[in-house]
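Chain residues, written in single-letter form:
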Amino acid sequence: MKVKFKEVKSQKIKDSFLEALKAYDDLHVHSITLYQKRVKSSTMQAQPIINLSNILSGVKKYRIKLGVFVSSSDTLKVEDVPQEVMKGWFAHELGHLVDYLSYSNLGMIKYGLKYVFSDSFKMKAEHEADYIAIERGFREEIIATKEWLLNHDLVDQGYKNKLNKYYLSIEQVELCNLNEIPFEPIIEK
Ligand SMILES: [Zn+2]
């Protein structure tokens, strides 16, 4: 794993991140930086790092930006979030990185624009990140993350509305379990 931590002080955050990353073998060859910083708009953001040297070479590098506080709260610290919730959160962000893997660096620029300007594209991208995390075995953690965020008094309503609009609902995640039932063909006589 090629992980760098920048400004991350909490051992709990580091451990949760590394624990989640273990399930993402296909990301281990790429350099990933977890960078903690006060951010306003959202608590976590998975971003490709694109510069002049890698736009043509195709080398893929990623950064996950992590807030110090959850959403717009100035009291609820990310490092105090329950570990299961934190893991679910990281599993979702790493899901984004897996989704990004199929795009070239140039393709990622287009992706970024579509994400900003198209609501339906944004919704598809957020659902995909959840589906990938569920596929990697984080179904319970994804549910825990959604339950925690949607029910926490200190998480602002605007953020909850965003979660309801763009992300899979808890019910949809629960239904994903049905996919694990082995497929049985019906043979007609
Ligand atoms: Zn996301």
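Coordinates for the structure precede this section.
Below is a short write-up of the structure. What you see is a predicted model; the values in this text were computed from it and never measured.

**Overview of helix α7 (residues 157-166)**
Right, on to step 1. Every buried residue belonging to α7 is among Y159, K160, L163 and Y166, and all of these are buried. What you see down the axis of α7 is that its buried residues fit within an arc of 150°, all on one side.
Right, on to step 2. On its buried face, α7 is in contact with α3 (83-101), α5 (119-135) and α6 (139-151).

**Things to note about the nonpolar core**
Right, on to step 1. Formed by 50 residues in total, the largest nonpolar core has its most connected members in Y24, L27, V70, F90, L94 and L97.
Right, on to step 2. For this core, the leading source of residues is α3, giving 10 residues.
Right, on to step 3. If near-sequence neighbours (up to four positions away) are discounted, L94 is found in contact with F17, A20, L21, Y24, L27 and I64.

**Some thoughts on the pattern of salt bridges**
Pairs can form between side chains of opposite charge once their charged atoms are near each other.
Right, on to step 1. A full pass over the atoms with the stated rule returns 6 salt bridges.
Right, on to step 2. When the shortest N-O distance is used, the salt bridge between D26 and R136 registers 2.9 Å. In this pair, D26 sits in the loop between α1 (11-21) and β2 (31-36) while R136 sits in the loop between α5 and α6, placing the two residues 110 residues apart along the sequence.
Right, on to step 3. With relative accessibility at 31%, the residue D26 sits in the partly exposed group.

**Some thoughts on the packing of aromatic side chains**
Right, on to step 1. Under the definition given, this model contains 7 aromatic pairs.
Right, on to step 2. Between Y111 and F121, the aromatic rings sit 5.0 Å apart at their centres with planes inclined by 80°, giving edge-to-face as the arrangement. Linking Y111 in helix α4 (residues 105-117) with F121 in helix α5, this pair joins segments that are 10 residues apart in sequence.
Right, on to step 3. By relative accessible area, which is 4% here, Y111 ends up buried.
Right, on to step 4. Using a relative accessible area of 13% as the deciding quantity, one classes F121 as buried.
Right, on to step 5. Sitting above the plane of the Y35 ring, K6 keeps its charged end 4.3 Å from the centroid.
Right, on to step 6. Its guanidinium or amino end placed over the ring of Y166, K122 lies 4.3 Å from that ring's centre, counting from NZ or CZ.

Rules used throughout
Residues numbered from 1 in each chain as written. Predicted model: local features only at pLDDT ≥ 70, side-chain atom pairs only at ≥ 80, totals over all residues. Heavy atoms only, no water. Buried < 20%, exposed > 50% of the residue type's maximum accessible area, 1.4 Å probe, protein only. Helix = DSSP H or I, 4+ residues; strand = E, 2+ residues; numbered from the N terminus. Arc of directions from axis to C-beta. Contact = heavy atoms within 4.5 Å. Core = buried A, V, L, I, M, F, W, Y, C linked by side-chain atoms within 4.5 Å. Salt bridge = Lys/Arg side-chain N within 4 Å of Asp/Glu carboxyl O. Phe/Tyr/Trp six-rings, centres within 6.5 Å; stacked < 30°, edge-to-face > 60°. Lys NZ or Arg CZ within 6 Å of the ring centre and 35° of its normal.

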